[in-house]
Amino acid sequence: MSTISIRQAVLADIEALSVLFDGYRQFYGKESDVAAAKQFLLDRFEHGESVLFIAHDGANPVGFTQLYPSFSSVSLGRIFILNDLFVNEGRRRKGVASGLLSASTDFARAVGAIRLGLSTALTNTTAQALYEREGWERDDDFFYTYAI
């Protein structure tokens, strides 16, 4: 029987995180580049620019999520952006993503954040269904766009 455990990642998790992060990028159509994934994550650790959680099934790393800190000027409060959430394909639908979402919301609340937000591809209906099941609410009030 497998046991899923989730905890905040530390620098010692970098090798496992790099492989998971590379898988996440491949999911979104990018070429595999574990070295670049590792450097990107090392930069986030070095500068304190994100908070990562890692999920293990027994001793095997199977998923991660990454939160980026930001602020809401209007609300005068700290927010986090859940930018990345990934679970290895063979471990999906086993509660790993739900556990990562829960760890993320617990962390955000514990540090006094007023909001935790995320976005996903419009075509990623599987993820959207998970977020709705977990009580996340779709924001239909704001127009989201980007440049560059």
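Residues numbered from 1 in each chain as written. Predicted model: local features only at pLDDT ≥ 70, side-chain atom pairs only at ≥ 80, totals over all residues. Heavy atoms only, no water.

If you check an unreviewed UniProt entry, the chain appears there as GNAT family N-acetyltransferase from Duganella vulcania.

Caption draft 1: Quick look at the sheet that holds strand β2 (residues 51-57). Spatially, five strands are ordered β1-β2-β3-β4-β5 in an open sheet, and the strand pairing comes out mixed. The open sheet terminates on both sides in strands that have one partner only, identified here as β1 (4-8) and β5 (115-118). Adjacent strand axes in the sheet meet at a mean angle of 25°, parallel and antiparallel pairs treated alike. Strand direction decides the pairing type here: β1 and β2, joined by five bridges, are antiparallel. Following the sheet pairing, glutamine 8 is matched in β2 by phenylalanine 53. Across the sheet, helix α3 (residues 96-110) is in contact with β1, β2, β3 (60-72), β4 (77-87) and β5; its angle to β4 comes to roughly 165°. (Pairing = 2+ DSSP bridges. Helix = DSSP H or I, 4+ residues; strand = E, 2+ residues; numbered from the N terminus. Axes fitted to C-alpha atoms, helices over the stretch in contact; angles between N-to-C directions. Contact = heavy atoms within 4.5 Å.)

Caption draft 2: Spotlight on the nonpolar core. Among the nonpolar cores identified, the biggest contains 22 residues, and Leu67 and Phe80 are the most heavily contacted of them. Elements supplying a minimum of two residues to this core: β2, β3, β4, α3 and α4 (125-133). The dominant element in this core, judged by the number of residues it contributes, is α3, at seven residues. Beyond its immediate chain neighbours, meaning those up to four positions away, phenylalanine 80 contacts Val51, Leu67, Tyr68, Pro69, Phe107, Ala108, Val111, Ala113, Arg115, Leu116 and Gly117. Ile14, Leu20, Ile54 and Phe86 belong to the second-largest nonpolar core, a separate cluster that totals twelve residues. (Core = buried A, V, L, I, M, F, W, Y, C linked by side-chain atoms within 4.5 Å. Buried < 20%, exposed > 50% of the residue type's maximum accessible area, 1.4 Å probe, protein only.)

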